[in-house]
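Here's the letter readout for the chains.
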Amino acid sequence: MFKHFTADFWDVTARLILRNKIVIVAGILMATIFFGMQWKNMRFTYTEANLLPDDHEVNLKYNAFLNTFGEEGNLIILGVQDESLFTVEKLNAWNRLSDRFKAFPEIETVVSIKDLQKLVKDDVNEKFILEPFIKDSIATVDQLDSLQEQLFNQYPFYDNFLFNKETKTIRTALYLKKDVVNTQARKDFVINELTPIINTFENATNLDVRISGMPYIRTLNSQNIVDEIGLFITAALLVTSLIFFLFFRSFRATLISLVVVCIGVMWTFGILGLLNYEITVLTALIPPLIIVIGIPNCIFLINKYQHEVKLHGNKVKSLQRVITKVGNATLMTNVTTASGFATFILTESKLLKEFGIVASLSILAIFILCLLIIPIIYTVLPYPKTRHLEHLNKRWIGGFVDWMERMVRHKRITIYITSVVLLALSIIGIYQIKISGSLIEDMPQDSEFVNDIRFFEDQFNGIMPLEIMIDTKRKKGVMKLVTLKRMDELEDLIIETPDLSKPVSVVGLVKYSKQAYYNGNPKYYQLPTSQENSFILSYAKNSSSNVDLLKNFVDSTGQYARITTFMKDIGTDKMERIEENLQTKIDKVFPKEKYSVTMTGKALVFQKGTKYLVKNLAISLSLAILLISLFMAYMFRSGRMVIVSLIPNLLPLLVTAGLMGYLGVPIKPSTILVFSIAFGISVDDTIHFLAKYRQELQANHWKIKISVYAALKETGVSMFYTSIVLFFGFSVFTISSFGGTVALGALVSATLLFAMLSNLLLLPSLLLSLERLIANKKVLKKPAINIIPKGDDIKEK
């Protein structure tokens, strides 16, 4: 009954499409205009990708920190390592540059060498006052020498903050206003103001200024994403259209396919705008993906049309058969591909969920566009010329098909041995895969801003903030000497950790206060004793300057304190060891009944997010396999066939995972997509082959060998065509400057190539070897859906 309904449905669909061409074209035009109007809602992400659910414990801790101390990722750093900077002229120019940024509305605070203040004891008023190191500007070499002596040798509070006394690297800190950090204003400031001013300064002084900090990194990284969208789309169009033309030798057919996929890309951008999703490093991949996936649809439909025209010359009948016979098969393959992407919707990660929704909707949209536009265009075009049909002979590919048949017929044991060896090697490689939680690993490694990140890592031990928040559980508990001593003990461990920078907290300020109380003697840069504490704090309480300094380290109630350090770009394993060491120290130093201490910050949140996504990888891949298995079980009404069909599709995934281990490609947010995407696409070949195999069994009175070889010859060509398009289409992503995108493109391409060979060699071999178990009338007689309807006996020559 369902089979009759399916056949009737496609017959009705074909009539509706061919009889209502004007209405359909008008509908597509209106839909395209509608989606085009949604483009205005598209926006590019201004924050790092949050890989965790909003209600995840790590996010809750991070948000609690932000609620107490505000946005932590608002620091832009300028740095120079050049001995010539320590001349009167150039150091004054450096200070004037820093002062210039104070006038911008996006800037909250600028801290440079000129802004540094000495904490000085005022015995008359019994308080501390602040005096600038540089009162106006440096006029003489003696003043310059005195400044260096004081900064590098007498005031350890500032060491490793604005300078590295060992390498003489100087830096300036620009603190953005917290309400512009995650907005367009931040991007406008960095691109239109900061960068041109720095370039002008470099040209005038011949100094190499390094720029870093999370706002700057995020701005340039997102700009690279924007730039690469156009690059990917252009490259995907060029590569796939070139391959399409080589197959069909027809400018007309190539142009038609380009029109279809370009409309599909417009709809994809419209879907992004309609759903009000941000364009991230993942959603930026969808438009070129639609081109790569859409072209094989065009190949199937146009190839079928030209077959029919060559067979009987009736254009209307040819187009009707294109819709009724290829439309069904193309729908099934697009549904399985969309299912691979749709499994990401079921994860708890917002980033993956949005990617899955847009990708699956876009794949279904491109199928609809192909099915509607291609037959309608061909109704008004003249018959294909003889030269356009020459490719149907496919003589050039005959050798490949013959080789496959010889392998399946005579080298089945070799195929099995090769598969087992690959499986064993892959399992060994899988155990070598590492997980990466690096924020900058996927960024363009040869770009100037990544080189600047490495520079600041080398000079100041990192730029990615790691925050430790101490809740003393009582007001003004932070300034208790016992609390300060506990914090100092924790800071000692941070200082001893090579991958962490010198910590900044209220502890340093209290030590500085003691040094100031003893007239600036650097040997007194330490926490006060119990006896000293009372009278040093009395000076501090009378000082408004100390209140201004304290607000960055302690909340307004005095209950919460923060310790800020910066982390190098290190691997997940190393980061976990550091976290474990810090947590052990925290548990030892801070009694839980008196203190509540949490670690957070951008670096830690991203690392936890990567670990979370790895778990989601297993879930999404399992869901994809389950969903597609159920789909195939329903189509073929055979659990045995599902098991046999899964083997040649899972083996390429394992081979790819093994390659990742051997090549050192880690599991990270970009590469976890490989497996679900590749599985959803590669299983299309299996569906085509098994559908044709079942049809051949019925046509050849259940003669197994004849049916397998006939299916292999016929589907091998189309599977080769589409696999070549997909291979080179996904290879387009290897031109990216983002390491993760390069890995994604290369791994998916390799997986699909393995999948094609697996489906053309291993699958038919299994069918022949297990013929008594799976190939019988009871198992395959009545499929739920006829992918290739009965009577479609037009063979590809």
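What counts, and where the lines are drawn
- The written sequence of each chain sets the order in which its residues are numbered from 1.
- Under the rules for a predicted model, residues below a pLDDT of 70 receive no local features and side-chain atom pairs below 80 are neither given nor counted, while totals for whole chains, interfaces and linings still include all residues.
- Each side-chain value is worked out from all heavy atoms of the structure, with water and hydrogens disregarded.
- Helix numbering and strand numbering both begin at the N terminus, where a helix is a DSSP run of H or I of at least 4 residues and a strand a DSSP run of E of at least 2.
- Each residue is assigned to one of three classes by its accessible area relative to the maximum for its type, calculated with a 1.4 Å probe on protein chains only: buried under 20%, partly exposed between the two thresholds, exposed over 50%.
- The contact rule is simple, with two residues in contact once any of their heavy atoms fall within 4.5 Å.
- Exposure was quantified through the Shrake-Rupley algorithm and a 1.4 Å probe, taking into account, for residues, occlusion by the shown protein chains and nothing else.
- Here, axes are lines fitted to C-alpha atoms. For helices the fit covers the stretch in contact, and angles between N-to-C directions go from 0 to 180 degrees.
- Each angle gets one of four labels, with under 35 degrees taken as roughly parallel, over 145 as roughly antiparallel, 65 to 115 as roughly perpendicular, and the rest as oblique.
- Note: crossing handedness is left-handed where the near helix turns anticlockwise from the far helix by less than a right angle, and right-handed where it turns clockwise.
- Side-chain classes are defined by residue name, with Ala, Val, Leu, Ile, Met, Phe, Trp, Tyr, Cys and Pro counting as nonpolar, Asp, Glu, Lys and Arg as charged, and the others, Gly among them, as polar.
- A score from 0 to 100, pLDDT tells how confident the predictor is in each residue.
- By this definition, two strands are paired if DSSP reports at least two bridges between them.
- Note on definitions: salt bridges are taken to be side-chain nitrogens of Lys or Arg within 4 Å of carboxyl oxygens of Asp or Glu.
- Aromatic rings from Phe, Tyr and Trp, taking only the six-membered ring of Trp, are treated as a pair when their centres fall within 6.5 Å; an angle between ring planes under 30 degrees marks them as stacked, one over 60 as edge-to-face, and anything in between as tilted.

A count of helices and strands for the protein gives 27 helices and 12 strands. Taking all 797 residues of the protein together, the buried fraction comes to 59%. A separation of at least 24 residues holds for 81% of the contacts in the protein among residues at least 6 apart in sequence. Total accessible area on the protein is roughly 33,200 Å²; 59% of this is exposed by carbon and sulfur atoms.

Let us look at the packing of helix H16 (residues 481–496) against helix H17 (residues 506–517). Remark: H16 packs on H17, axes separated minimally by 9 Å, with the N-to-C direction vectors making an angle of 110 degrees. By the angle between their directions, the pair H16 and H17 is classed as roughly perpendicular. Here the hand of the crossing between H16 and H17 comes out left-handed. Seen from H16, the contacting residues are Leu484, Met487, Asp488 and Glu491; seen from H17, they are Val506, Val507, Val510 and Lys511. By residue class, the composition of the contact of H16 with H17 is five nonpolar, no polar and three charged.

Attention now moves to the confidence of the model for the protein. Low pLDDT means the predicted coordinates in that region are not meant to be read closely. Put simply, the protein has an average pLDDT of 80, and 89% of its residues get 70 or more. Every residue in residues 789–797 is under pLDDT 50, and counting partners more than four places away or in other chains gives 28 contacts.

Moving on, we come to the environment of histidine 688. Along the polypeptide, histidine 688 turns up in helix H23 (residues 673–699). Classification of histidine 688 as buried rests on a relative accessible area of 10%. Residues histidine 688 and threonine 330, spaced 358 residues apart in sequence, show a C-alpha to C-alpha distance of 9.4 Å.

Spatially, three strands are ordered S11-S10-S12 in an open sheet, and the strand pairing comes out antiparallel. Two strands close off the open sheet at either side, each with one partner strand: strand S11 (560–567) and strand S12 (596–600). Each adjacent strand pair in this sheet contributes to an overall mean axis angle of 15 degrees, direction not counted. Judged from the eight bridges that link them, strand S10 (residues 464–471) and S11 form a sheet pairing that is antiparallel. Opposite methionine 464, over in S11, you have methionine 567 as the bridge partner. Those strands touched by helix H20 (residues 572–589) are S10, S11 and S12, and its axis lies near 170 degrees from that of S12.

Turning our eyes to something else, we now look at the pattern of salt bridges. Here the structure, examined in full by the defined rule, presents nine salt bridges. The salt bridge partner of glutamate 405 is arginine 409, with a shortest N-O separation of 2.6 Å. With a gap of four residues between them, glutamate 405 and arginine 409 both fall in helix H13 (residues 398–410), about one helical turn apart. The exposure class assigned to arginine 409 is partly exposed, which follows from its relative accessible area of 36%. Between arginine 562 and glutamate 467 there is a salt bridge; the shortest N-O distance is 2.7 Å. Pair noted here: arginine 562 is in strand S11 and glutamate 467 is in strand S10, with a separation of 95 residues, a long-range link. Overlapping salt bridges, with partners in common, bring together Asp208, Arg210 and Asp452 in one network.

Of note, asparagine 206 is a non-glycine position whose phi angle comes to about 60 degrees, a positive value. Along the chain, asparagine 206 falls in the loop between helix H6 (184–205) and strand S8 (210–212). The exposed category is assigned to asparagine 206, whose relative accessible area is 65%. Although it is not a glycine, lysine 476 adopts a positive phi angle of roughly 60 degrees. With respect to the secondary-structure elements, lysine 476 resides in the loop between S10 and H16. Lysine 476 gets classed as exposed once you look at its relative accessible area, which sits at 63%.

Another aspect to go through is the pairing of strand S5 (residues 127–132). Note: strand S4 (residues 117–122) against S5, six bridges, orientation antiparallel. Residue lysine 121 lies in a different strand from S5, and its bridge partner there is phenylalanine 128. Where S4 folds back onto S5 in an antiparallel hairpin, the turn is made up of four residues, including glutamate 126, whose phi is positive at roughly 50 degrees.

With that settled, consider the packing of aromatic side chains. Scanning the entire structure with this criterion turns up 18 aromatic pairs. For the pair tyrosine 305 and tyrosine 378, a centre-to-centre distance of 4.5 Å together with 40 degrees between the ring planes defines the contact as tilted. Placement of tyrosine 305 in helix H9 (residues 286–312) and of tyrosine 378 in helix H11 (residues 350–380) is noted, with a sequence separation of 73 residues between them. Like tyrosine 305, the residue tyrosine 378 is buried in the burial classification. Each ring, one from phenylalanine 727 and one from phenylalanine 728, has its centre 5.2 Å from the other, and the planes form 90 degrees; the classification is edge-to-face. The class of phenylalanine 727 is partly exposed, set by a relative accessible area of 23%.

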